[in-house]
Amino acid sequence: SATSFAHYILMKEIKKHNVKVVMNGQGSDEAWCGYGRYFIGYFLLDTLLNSPQKFYSQYSAISSKMRYSYKYILFQTIKAMFSRKSVSHYRAARKEKTFSVLNGNFINENKNYFINPEYNRFSGKNLSGYMKYNIQYQGFNQILHYEDHSSMQSSIEMRSPFVDYRIMELAFAIPDRMKIDNGVTKKILREIFSEKLPSSIVNNHDKTGFVTPFDDWLNEDKFRGFVEKVFNPSEIKCKRILNADKLAEYVRDNPRHKQFPFWRFINLELWARKYDINNL
């Protein structure tokens, strides 16, 4: 996403203040249950399997603390019952609608490269299994990769203490309920720092990601014109795997396609032009 670009700009600004070393919190969400929206389904599925009598109270507490609707929480729980490959396929086809701009043969030839986590859905350890899978194979490695690039480009040393192997081993050695319980994420971390941080931080259950206003950018004439030029059907290089006409249509009618990952396709096409890739 455009978050990688925002991080690049952030590092350039930090550089202007002659800061040489920075610390971040990467790994704390992934190993200590900070992303409630991604974890609640697996947590509730485990609760249903291990302590069914506590399911409703946990369900209700999540809705109250995290301010999610009962319908949304139910959907996340049902989603946790399916494989990651199935969920990603559904998201790409139905929500993001990326399949509509990709060549069908390309999809069929490459869909088996997606790695599924290997853990038993009925073991009652779905949350731990998903968290390990996310750290090993999914977005976490991508985040560390682009943050390392953008920090080094500005000659800044970035340290991630939560990624220390001893901290990671501790996170996966303790019960899940010490990390998430009754709608409280990062539970043990909140307790440890309860006397060191103000309650407005410790008891804040609103999760705000490092996001960018990409939809707003796309509505600005200058950036919109740039994207339209990138996706110009007569100039696009990735014609074998992309439907250029469909991409151009999505840009023109972007308010109807807010979940479409424009950023990924912009970067793919710019990469192909940069290195004169002509066989995509």
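Structure first, text after, so check above.
Residues numbered from 1 in each chain as written. Predicted model: local features only at pLDDT ≥ 70, side-chain atom pairs only at ≥ 80, totals over all residues. Heavy atoms only, no water.

How should the packing of aromatic side chains be read in this particular structure?
Two measures describe an aromatic ring pair: the distance that separates the ring centres and the angle between the ring planes. Following the criterion strictly, the structure yields 18 aromatic pairs and no others. Between the aromatic rings of Phe214 and Phe223, the centroid separation amounts to 5.7 Å while the plane-to-plane angle is 90°, which identifies the pairing as edge-to-face. Looking at Phe214, the relative accessible area reads 11%, which means it is buried. With centroids separated by 5.0 Å and ring planes inclined at 90°, the aromatic side chains of Tyr250 and Phe260 adopt a geometry described as edge-to-face. You can see Tyr250 sitting in helix α15 (residues 244-252) and its partner Phe260 sitting in the loop between α15 and α16 (262-274), a full ten residues away along the chain. What makes Tyr250 buried here is its relative accessible area of 4%. (Phe/Tyr/Trp six-rings, centres within 6.5 Å; stacked < 30°, edge-to-face > 60°. Buried < 20%, exposed > 50% of the residue type's maximum accessible area, 1.4 Å probe, protein only. Helix = DSSP H or I, 4+ residues; strand = E, 2+ residues; numbered from the N terminus.)

Looking at this structure, how should I read helix α6 (residues 84-95)?
It helps to recall that an α-helix has 3.6 residues per turn; residues three or four apart then point in one direction. Spanning twelve residues, α6 covers 15 Å between terminal C-alpha atoms, matching the ideal 16 Å at 1.5 Å per step. Listing the buried residues of α6 in full gives Arg84, Val87, Ser88 and Ala92. Viewed along the axis of α6, the buried residues span an arc of 130°, placing them on a single side of the element. Of the surrounding elements, those touching the buried residues of α6 are α3 (36-50), α5 (70-79) and α8 (126-137). Where α6 ends, the next residue or the one after it, Lys97, has phi of about 65°, a positive value. (Expected span 1.5 Å × (residues − 1). Arc of directions from axis to C-beta. Contact = heavy atoms within 4.5 Å.)

Is there a simple way to explain the pattern of salt bridges in this structure?
Scanning the model with the defined rule gives 16 salt bridges in all. A salt bridge links Glu13 to Lys16; its shortest N-O distance comes to 3.0 Å. Highlighted residues: Glu13 and Lys16, both in helix α1 (residues 3-16), separated by three residues, approximately one helical turn. With its nearest N and O atoms 2.9 Å apart, the salt bridge here joins Lys207 to Asp29. One end of the pair, Lys207, is in the loop between α12 (199-202) and α13 (214-218); the other, Asp29, is in helix α2 (residues 28-32), with 178 residues separating them in the sequence. The exposure class assigned to Asp29 is buried, which follows from its relative accessible area of 10%. Bridged by salt links that share partners, the residues Asp29, Lys186 and Lys207 form one connected network. (Salt bridge = Lys/Arg side-chain N within 4 Å of Asp/Glu carboxyl O.)

Sorry if this is basic, but what is going on with the packing of helix α4 (residues 55-66) against α5 here?
For any two helices packed against each other, the geometry comes down to the angle between their axes and how far apart the axes lie. Between α4 and α5, the shortest axis-to-axis distance is 9 Å and the interhelical angle comes to 120°. Considered as vectors, α4 and α5 are oriented oblique to each other. At the point where α4 passes α5, the crossing takes the right-handed sense. Contact residues: Tyr56, Tyr59, Ser60, Ile62 and Ser63 in α4; Tyr70, Ile73 and Leu74 in α5. Residue composition of the contact of α4 with α5, grouped by class: six nonpolar, two polar and no charged. (Axes fitted to C-alpha atoms, helices over the stretch in contact; angles between N-to-C directions. Parallel < 35°, antiparallel > 145°, perpendicular 65-115°, else oblique. Left-handed = near helix turned anticlockwise from the far one by under 90°. Nonpolar A, V, L, I, M, F, W, Y, C, P; charged D, E, K, R; others polar.)

What is the right way to read the nonpolar core from this model?
As a rule of thumb, soluble globular proteins bury nonpolar side chains together. If you look at the biggest cluster of nonpolar residues, it comprises 25 residues, and the most contacted ones within it are Phe214, Phe231, Leu242, Leu247, Phe262 and Phe265. Of all the secondary-structure elements, those providing two or more residues to this core are α13, α14 (221-230), α15 and α16. For this core, the element with the most residues is α16, which contributes five residues. The contacts of Phe262, once residues within four sequence positions are left out, are Phe214, Leu218, Phe231, Tyr250, Val251, Asn254 and His257. (Core = buried A, V, L, I, M, F, W, Y, C linked by side-chain atoms within 4.5 Å.)

Can you help me understand the environment of Asn279 in this one?
One can find Asn279 in the segment after α16. In the structure, Asn279 is positioned 214 residues away from Lys65 in sequence and 51 Å away in space, judged by C-alpha atoms.

Can you walk me through a nonpolar patch on the surface in this structure?
Together, Leu48, Leu74, Ile78, Met81 and Phe82 give the surface a local cluster of nonpolar side chains, amounting to about 440 Å² of exposed area. Mapping Leu48 onto the fold places it in helix α3. (Patch = residues over 30% accessible without salt bridge, like charges linked within 9 Å, V, L, I, M, F, W, Y side chains within 5 Å. Areas by Shrake-Rupley, 256 points an atom, 1.4 Å probe, with all protein chains shown as cover.)

Whenever I open this one, unusual backbone geometry confuses me. Can you help?
Among all residues save glycine, negative phi is the norm, and among peptide bonds the norm is trans. Despite not being glycine, Asn18 has its phi angle at roughly 60°, a positive value. Its place among the elements puts Asn18 in the loop between α1 and β1 (21-23). The phi dihedral of Lys186 falls on the positive side, at around 50°, and the residue is not glycine. Structurally, Lys186 is set in the loop between α10 (165-171) and α11 (187-192).

Honestly, the packing of α1 against helix α9 (residues 139-153) in this entry has me stumped. Any pointers?
Axis separation between α1 and α9 bottoms out at 8 Å; the angle between their running directions is 30°. Overall, the two elements α1 and α9 adopt an arrangement that is roughly parallel. In terms of crossing hand, the pair formed by α1 and α9 is right-handed. Residues Thr3, Ser4, His7, Tyr8 and Met11 of α1 form the contact with α9, whose participating residues are Tyr146, Glu147, Ser150, Ser151 and Gln153.

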